[in-house]
Amino acid sequence: MMLRRLSRAPAPPGRLRPRPPLAAAPRSVVTAALGTTPGLATPSRRPRPPATPLPPVATPLSRSAVPVAYTEVSGRGDRPPLLMLHGLFGNRGNFQTAAKALVRGGSGKPDLVERLISVDISPVTTTPVSEFSAYISAMKTVKIPKGLSRSAARQLADDQLRPVVQLPQMRQFLLTNLVEVEGRYVWRVNLEAISHHLADIMNFPPFHKPYPGPALFLGGSNSPYISSKDYPEIQRLFPRANVKHIEGAGHIVHQDKFKEFITAVLNFLPPP
């Protein structure tokens, strides 16, 4: 998951300074989910209906704009907005509670991003530590008969996923993708497409120009996605980055340690 602080001008050069315990609340928090067509997107500041899925495109490197399904939680009007982008198998609803807490809690082009937070992911290939291939295989084998209530269907899917996806919080995260369509329970994510392109998803594209602004890599102490082996590449691409691990959190940091996550984000935001 990526959090970006948007601004109209690049952050000034220099080292990242320690911040006070709590920063002022952002002007608004936008939780966004990209449409099914790869490309670039710029969210507007006014809410709009969820995007209609687009048909697949011929090339995964399309540079055309795509619709963004997002929710905006209004905050202070004099503060820059905070944009939250979810990761694989996520959706814009994952961070509703976190977005509201961030609003309450305070008193594409690098020059448009004042600062950013990368939550439990490094700018490196994550295939060696990822378990998502096994998760996808387990999700494909889930069988749910028609006529079950939503709670019964989720419980049955949870039971079928348990032998492979052993962490309860990870199963609950995956089950947010289980939806009812015309009386049948299906996964709303395209498991075949994700499985086919998983190596590309888990890879990190080559970049040579570093991001000049402050950055925070916020990981879980029980997760392998930000390790000391990644520090040289983090430092190369984000020379003003700090790395912080929240004790006792796994890959879904904001779910495992909600208060600590909110505190870390607010501490990183600039003071009023």
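Residues numbered from 1 in each chain as written. Predicted model: local features only at pLDDT ≥ 70, side-chain atom pairs only at ≥ 80, totals over all residues. Heavy atoms only, no water.

When the charged atoms of two side chains with opposite charge come close together, those side chains can pair. One pass over the full model with this rule turns up six salt bridges. For R162, the salt bridge goes to D158, with nearest N and O atoms at 2.8 Å. By relative accessible area, R162 is classed as partly exposed at 35%. Of the charged contacts, one joins D159 and R162 as a salt bridge, the two residues approaching to 3.1 Å between their closest N and O atoms. Residue D159 is classed as partly exposed on the basis of its relative accessible area, which comes to 34%. Within the structure, one salt-bridge network assembled from shared partners comprises D158, D159, R162 and R171. (Salt bridge = Lys/Arg side-chain N within 4 Å of Asp/Glu carboxyl O. Buried < 20%, exposed > 50% of the residue type's maximum accessible area, 1.4 Å probe, protein only.)

Formed by 25 residues in total, the largest nonpolar core has its most connected members in M139, I144, L161, M170, L174, L178 and W187. Those elements that place two or more of their residues in this core are helix 2 (132-140), helix 3 (150-161), helix 4 (168-175), strand 7 (184-187), helix 5 (191-196) and helix 6 (198-202). Among the elements that take part in this core, helix 2 stands out by supplying five residues, more than any other. With sequence-adjacent residues up to four places away left out, M170 is seen in contact with Y135, V165 and I252. Counting residues in hydrophobic clusters, the runner-up holds 14 residues, among them I246, A249, V265 and L266. (Core = buried A, V, L, I, M, F, W, Y, C linked by side-chain atoms within 4.5 Å. Helix = DSSP H or I, 4+ residues; strand = E, 2+ residues; numbered from the N terminus. Contact = heavy atoms within 4.5 Å.)

Here the focus is the packing of helix 3 against helix 4. Where helix 3 meets helix 4, the axes come as close as 10 Å, and the angle between the chain directions of the two elements is 130°. As far as their axial angle goes, helix 4 and helix 3 are oblique. For the element pair helix 3 and helix 4, the recorded crossing hand is right-handed. Where helix 3 approaches helix 4, its residues R154, A157, D158 and L161 are matched on the opposing element by R171, Q172 and L175. (Axes fitted to C-alpha atoms, helices over the stretch in contact; angles between N-to-C directions. Parallel < 35°, antiparallel > 145°, perpendicular 65-115°, else oblique. Left-handed = near helix turned anticlockwise from the far one by under 90°.)

Once that is clear, we can look at the confidence of the model for the chain. The predicted coordinates of low-pLDDT regions are not to be read in fine detail. On average, residues of the chain score 75 in pLDDT, and 59% of them are at 70 or above. Per-residue pLDDT, averaged within each element of the chain, yields its smallest value for strand 2 (residues 28-34) (48) and its largest for strand 9 (residues 241-246) (97). A low-confidence stretch, residues 8-24 (pLDDT under 50), is modelled with 41 contacts involving residues beyond four sequence positions or located in other chains. When the criterion is pLDDT under 50, residues 32-61 qualifies, and its contacts beyond four places in sequence or with other chains add up to 57 contacts. (pLDDT = per-residue confidence, 0-100.)

A separate point is the packing of aromatic side chains. Think of a pair of aromatic rings as described by two things: how far the centres are apart, and how the planes are tilted against each other in angle. Tallied over the entire structure, the rule returns four aromatic pairs. Arranged with centres 5.1 Å apart and planes meeting at 70°, the rings of F217 and F238 form a pair that is edge-to-face. Taken together, the positions of F217 in strand 8 (residues 215-220) and F238 in the loop between helix 7 (231-237) and strand 9 put the pair 21 residues apart, joining distant regions of the chain. When its relative accessible area of 2% is taken as the criterion, F217 is described as buried. Taken together, Y211, F217 and F238 form an aromatic cluster joined through their ring pairs. When the ring centre of F268 is taken as reference, the NZ or CZ atom of R115 above it lies at 5.1 Å. (Phe/Tyr/Trp six-rings, centres within 6.5 Å; stacked < 30°, edge-to-face > 60°. Lys NZ or Arg CZ within 6 Å of the ring centre and 35° of its normal.)

Moving on, we get to unusual backbone geometry. Positive phi, close to 55°, is recorded for D120, a residue that is not glycine. Along the chain, the position of D120 falls in the loop between strand 5 (113-119) and helix 2.

A word on the side chain of D230. Residue position: D230 is located in the loop between strand 8 and helix 7. Buried and without a salt bridge, D230 has K229 as its closest oppositely charged side chain, separated by 6.5 Å. (Lys, Arg positive; Asp, Glu negative; His and termini not counted.)

Next up on the list: the pairing of strand 5. The buried fraction of strand 5 amounts to seven of the seven residues, a majority that puts the element mostly inside the structure. Sheet topology places strand 5 next to strand 8; four bridges connect them, and they run parallel. Among the inter-strand pairings, V119 is bridged to a residue of strand 8, identified as L218. (Pairing = 2+ DSSP bridges.)

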